Amino acid sequence: MSEIKLAAETRTEFGKGAARRIRRESKVPAVVYGHGTDPVHITLPGHELLLALRTPNVLLSLDINGKSELAIPKAVQRDAIRGHLEHVDLILVTRGEKVTVEVFVQTEGELAPGSFLVENVLNTLTVEAEATHIPESVTVSIAGLEAGASIHAKDIKLPKGTTLAIDEDAVVIQVLSAQAEEPAAEGEGDAAAEA
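Residues numbered from 1 in each chain as written. Predicted model: local features only at pLDDT ≥ 70, side-chain atom pairs only at ≥ 80, totals over all residues. Heavy atoms only, no water.

Attention now moves to the side chain of S61. Of note, S61 is situated in strand β4 (residues 59–64). A polar contact is formed between the side chain of S61 and the side chain of S68, at a distance of 3.4 Å. What S61 contacts, discounting residues up to four positions off in sequence, is E3, I4, K5, L6, S68, E69 and L70. (Helix = DSSP H or I, 4+ residues; strand = E, 2+ residues; numbered from the N terminus. Polar contact = N/O pair within 3.5 Å; in protein donor to acceptor, adjacent residues only side chain to side chain. Contact = heavy atoms within 4.5 Å.)

Structure (structure tokens):
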């Protein structure tokens with residue numbers, strides 16, 4: 001995973017009014033914390049941050065007052081209607097440090113012939129990986145699976161250096177049999193219409 005460099009500015013104003021002023025300037029208020037340090041309140045360029053956050057678990061290289069820091073997003077708050085970024089919490093990380101993150105589970109392949117449905121019991125998988133090598137997603141093959149089949153967390157091949165951080169017996173994907181709707185018995189629909 002590549003690092004995305006962003007220039008950050010420290011901020012001294014807090015509260016709703018200050019946050020609104022920051023957003024009007026097309027910037028996003030953020031807080032960086034971790035490693036036992038005091039939280040640092042910063043502003044980040046809005047458009048560049050929005051583009052960076054399209055990558056799950058993106059690694060950000062922040063230039064804060066001339067000092068370079070690595071961080072990953074912990075919490076992202078968006079405007080419920082417009083989808084604009086409202087605030088971002090970032091956690092400091094170092095090269096070689098292991099972090100626990102959630103990665104998306106993607107499926108590939110075709111189920112066995114028949115009326116089967118795939119149920120994603122877990123859309124994400126909690127894993128532990130080195131901060132500079134966080135996988136964007138994991139891919140699971142469902143090729144040839146039939147109803148009753150399930151894929152557990154331990155069955156998923158993870159990238160090198162990545163380990164599970166959840167119960168290995170947790171069901172991630174299961175295959176169900178599609179159920180056809182039973183036709184209404186004659187007379188039932190007529191009686192309901194007359195009532």
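There is more to say, and it comes next.
What follows covers the environment of I72. Along the chain, I72 falls in strand β5 (residues 67–78). Looking at I72, the relative accessible area reads 7%, which means it is buried. When the C-alpha positions of I72 and I134 are compared, they lie 10 Å apart, and in sequence the two are 62 residues distant. Filtering out sequence-adjacent residues up to four positions away, I72 remains in contact with V58, L59, D89, L90, I91, V93, V99, V101 and I134. (Buried < 20%, exposed > 50% of the residue type's maximum accessible area, 1.4 Å probe, protein only.)

Burial along strand β10 (residues 137–141) is one-sided: the face carrying V138 and V140 is buried and the face carrying S137, T139 and S141 is not. When strand β7 (residues 98–108) meets β10, the two strands line up parallel, connected through 5 bridges. Residue Q106 lies in a different strand from β10, and its bridge partner there is T139. (Pairing = 2+ DSSP bridges.)

Let us now look at the sheet that holds strand β2 (residues 27–34). Pairing is mixed in the closed barrel, where 6 strands are placed in the order β1-β3-β2-β6-β5-β4. With strand direction ignored, the average angle separating the axes of adjacent strands in the sheet is 45°. Sheet topology note: the β2/strand β3 (residues 37–45) ladder contains 7 bridges and is antiparallel. In the sheet register, A30 faces β3, and the bridge partner there is I42. Docked against the sheet, helix α1 (residues 16–24) engages β2, β3 and β6 (85–93), running at close to 120° with respect to β2. (Axes fitted to C-alpha atoms, helices over the stretch in contact; angles between N-to-C directions.)

It is worth spelling out unusual backbone geometry at this point. Phi angles above zero are rare outside glycine, and H35 is one such case at about 55°. Within the secondary structure, H35 is located in the loop between β2 and β3. Positive phi outside glycine occurs at N65, with the angle close to 50°. Position of N65 among the secondary structure elements: in the loop between β4 and β5.

Turning to the sheet that holds strand β11 (residues 150–152), a few remarks are in order. Spatial strand order, β8-β13-β11: 3 strands in an open sheet with antiparallel pairing. Of all the strands in the sheet, the pair left with one neighbour each is β8 (116–120) and β11. Averaged over neighbouring strand pairs, the angle between their axes works out to 10° when direction is ignored. Sheet topology note: the β11/strand β13 (residues 171–177) ladder contains 3 bridges and is antiparallel. When the sheet's bridge partners are listed, I151 is paired in β13 with I173.

Looking now at the side chain of T162. Structurally, the position occupied by T162 is in the loop between β11 and β12 (163–164). Aside from chain neighbours lying at most four places away, what touches T162 is V127, E128, A129 and P135.

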